[in-house]
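Below are the chains, spelled out letter by letter.
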Amino acid sequence: MASFTYLSEDYLEKILSELEDYQISHGSLLKIPRGWTDSELPMAIARPIGISIIPTPFPRQQFEHALNIQALFNELYMNIAEDDLWFQPIVQNLGEVDEFASKLWSIWERVRDEGELQQIRCGIFRSDYMLHGGSQDRSAAPTQLTWAGSELRQVEFNTYSCAGGVHSNIVTNMHRYIASKGIHKAARVPTNNAIRSIVEGLVCAHRAYDPPANSTRQTAILMTVQPNNANICDERPIEYALSECETPVSLYRVEFSGEILQRCNLGPNRELLFHPSFGGEAVEISVIYQRAGYDSHEYDQHGIEARYMLERSRAIKCPTILSHIAGFKKIQQELTAPGVLERFLSPSAARILRQTFMLHYPVDESEMGIRAQDIISDEQAIENYVLKPSLEGGGHNVYGKDIPIFLGTIPRSQWSRFILMEMINPPLVHGVLISPIDTHMGPVVSELGVIGACLWQRNEPLKKGLSIIRNDASGWTFKTKPPDVQEMSVVKGYGCFDCPSLS
Ligand code: ADP
Ligand code: MG
C-alpha cells in the first residue's frame, strides 16, 4: 500500500491519472462558459475542479457530532425564520447602513402586508465548521501533524443558495472508489448522501405543494441560477436526479433576474406560472429552489421585482426571504449574545449549539461594539479577528491587521454593516491538493459543511408554533486549503473539494 505521507512522483502520476478519469466521467468540473476565453485551451468547455489527492485526516468524533447537531441547527433556523418580530429591529438597523439588507427587508414588507399565501417552507441549509486548537507547528514532520486537542467551531450557517453538495458527494465517491483499489483505507472515508439529501428534500416540498382547486397544470420545480455560471456541475445533477425519481419531477432553470421577468407570471390565485423556452403549456411552479439572488449586485430594479414576484407567489420557497435574511452574518452575531438562543430552543439544546460558537462583536456604539472598537485599535489583538459584511459567496472578509486599514477607508457611521469574529485557529494536518494552478503537499486546514434539508409549516397564529415536516441531515461538504489561503470558495480557486479520513 502506498504511503500517504510521502508520495513518490511515480505514485502521484498513477493516482492523478485515476482521479482525472473519475473527474471527467462524473462531472467533477468547472464549466468555461461560452464567450469566456481560456487562452491556453481555446477549445475547452470545462476543466477539473480543485480536489484533494488523498482524504485529509479529521476526528471521527467531531465529524459525527457535527452531523448529530444539524437537526438542532435546522430547528433553530426554522424558528428564527418565522420570528419577524425578533428580526425587525435588527434588520432595520442594519438596513440603514446596508443597502442589500434594506432591499430584502422592503421586499419582505410588501409580501407581509399583502399576506403570504403559502405557509409551507423548504430549506436546504449548510452549517460550516472548522476545528479550533491543536497543533499549529508548521515545521513539524507530516507524520506529527495532528488534529488532537481540537474542537468543532462554526464558521457560518448558510440558509440560501447552498452550494458544494454535489461536488462533495462526487469527490467522496471518488475517494471511496480509489480506496476500493486498496490505495486508501476505505473504512475511514464515510459515505456522503448530499445529492440524495437535497433531492429528497426538494421532492418532499414538491409533493407538499397544494395547487389551487381548479388547477390542471403540470407542476415543476424552478431553480433560479446566475447567468454564465461556471458551477453548473453542482446544479445540473440535482435536476437530473429529480428526473430519475420513480415518479419523475421536472425542474426548470431560470436566470435571475431578467429571465424570471420574461418567463414567469402569476395566475389569478398567485400561482407561479413558468413558460418554457421550447414553447408549450405553462407549468405551475411548486417549489422555487434559489441558487441565485445572493449577490447584492443582482438586486437592481429588475432583481427586486423578480424576487418580489417569486416571494408573493403561492409556490413553496426554498428558502423564503426571511430564511434568507436569517443566514446573514449579522444574525449569526446576534445569536451569540447571552440568552438569545434560548428564545428559539430549549436550554439544553442552546447549550450544545453554543459550544460551537466563536466570539462575535457588533461594530457599533453598543457596549459590545465599544469592546470591538477597542480590539480594532489594538494592533496585537486585531490579529486574531476577521471582519465580515452580511454577504455570501466568498471574498468579502477582511483579516487581522488589514481591518483597521480597511475601516479607515469607510465612514464610521457605516461600520455597523460589519461584524467582528474571533479567528478559528485550525490544527495543521497533512494533505495533498491539486488545482488547475498548483499542487500543494504539506500542512492544510479543512472546513466541514453539514447539509440540512428541511420542510416546515408556519401555524397561524404563530403562538401555536411550527409543524416540522422534515428535518434531515445526511449530506455534507468538505473543503481543504493551504493554511495561508484565507478564503475557501473552490469555484473562486481558493480551496479544494475533499473528504475526511476519519480516525
Ligand atoms: P462566505 O459567506 O463568503 O462563505 P465565510 O464566513 O464562510 O463567508 O468566510 C469565508 C471563508 O473565510 C471561510 O470559508 C473560512 O475559510 C474563512 N473564515 C471565515 N471566518 C473565519 C474565522 N472566524 N476564522 C478563520 N477563518 C475564517
Ligand atoms: Mg462560507
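Residues numbered from 1 in each chain as written. Chains lettered and ligands numbered in written order. Predicted model: local features only at pLDDT ≥ 70, side-chain atom pairs only at ≥ 80, totals over all residues. Heavy atoms only, no water.

1. Overview of the overall build of the protein chain
A tally of regular secondary structure across the protein chain gives 16 helices and 21 strands. In terms of C-alpha radius of gyration, the protein chain reaches 23 Å, essentially the compact-globule figure of 23 Å for 503 residues. Along the first, second and third principal axes, the C-alpha set of the protein chain runs to 65 × 55 × 45 Å. Counting over 503 residues, the protein chain shows a buried share of 56%. (Helix = DSSP H or I, 4+ residues; strand = E, 2+ residues; numbered from the N terminus. Rg over C-alpha atoms; globule rule 2.2 N^0.38 Å. Buried < 20%, exposed > 50% of the residue type's maximum accessible area, 1.4 Å probe, protein only.)

2. Details of a negative patch on the surface
Together, Asp 374, Asp 378, Glu 379, Glu 383 and Asp 402 make up a region of like negative charge exposed at the surface. Along the polypeptide, Asp 402 turns up in helix α16 (residues 402–407). According to the relative accessible area criterion, Asp 402 is partly exposed, its value standing at 41%. (Patch = residues over 30% accessible without salt bridge, like charges linked within 9 Å, V, L, I, M, F, W, Y side chains within 5 Å. Areas by Shrake-Rupley, 256 points an atom, 1.4 Å probe, with all protein chains shown as cover. Salt bridge = Lys/Arg side-chain N within 4 Å of Asp/Glu carboxyl O. Lys, Arg positive; Asp, Glu negative; His and termini not counted. Charge placed at Lys NZ, Arg CZ, Asp CG, Glu CD.)

3. Some thoughts on the environment of Asp 21
Mapped onto the elements of the fold, Asp 21 is located in helix α1 (residues 9–26). What makes Asp 21 partly exposed here is its relative accessible area of 48%. Residues Asp 21 and Gln 486 lie 465 residues apart in sequence; the distance between their C-alpha atoms is 30 Å.

4. Notes on the state of the cysteines
Evaluated as defined, the whole model comprises zero disulfides. The cysteine Cys 162 is free of any disulfide, with Cys 318 supplying the nearest cysteine sulfur at 8.5 Å. With no disulfide of its own, Cys 318 has Cys 122 as its nearest cysteine by sulfur position, at a separation of 3.6 Å. For Cys 318, a relative accessible area of 2% gives the class buried. (Disulfide = S-S within 2.5 Å.)

5. What to know about the domain arrangement of the protein chain
Each domain of the protein chain was delimited in the assignment, giving domain 1 (9–358 + 435–502) and domain 2 (359–423). Computed over C-alpha atoms, the centres of domain 1 and domain 2 are 26 Å apart. When domain 1 packs against domain 2, the two sides together hide about 2,100 Å² of surface, and 51% of this comes from carbon and sulfur. When the buried area of domain 1 at its contact with domain 2 is split by residue, Val 97, Lys 329 and Met 358 rank highest and sum to 33% of it. Where domain 1 meets domain 2, there are one salt bridge. The residue Glu 392 makes a salt bridge to Lys 329 at a minimum N-O spacing of 3.4 Å. Applying the counting rule to domain 1 against domain 2 returns eleven residue pairs in polar contact (both at pLDDT 80 or more). For the side of domain 1 that touches domain 2, the secondary structure elements donating two or more residues are α4 (84–97), β6 (151–158) and α12 (329–335). Its residues assigned to classes, the side of domain 1 that touches domain 2 shows nine nonpolar, ten polar and seven charged. (Domains from an automatic or database assignment. Buried area = accessible area lost by both parts, 1.4 Å probe. Polar contact = N/O pair within 3.5 Å; in protein donor to acceptor, adjacent residues only side chain to side chain. Nonpolar A, V, L, I, M, F, W, Y, C, P; charged D, E, K, R; others polar.)

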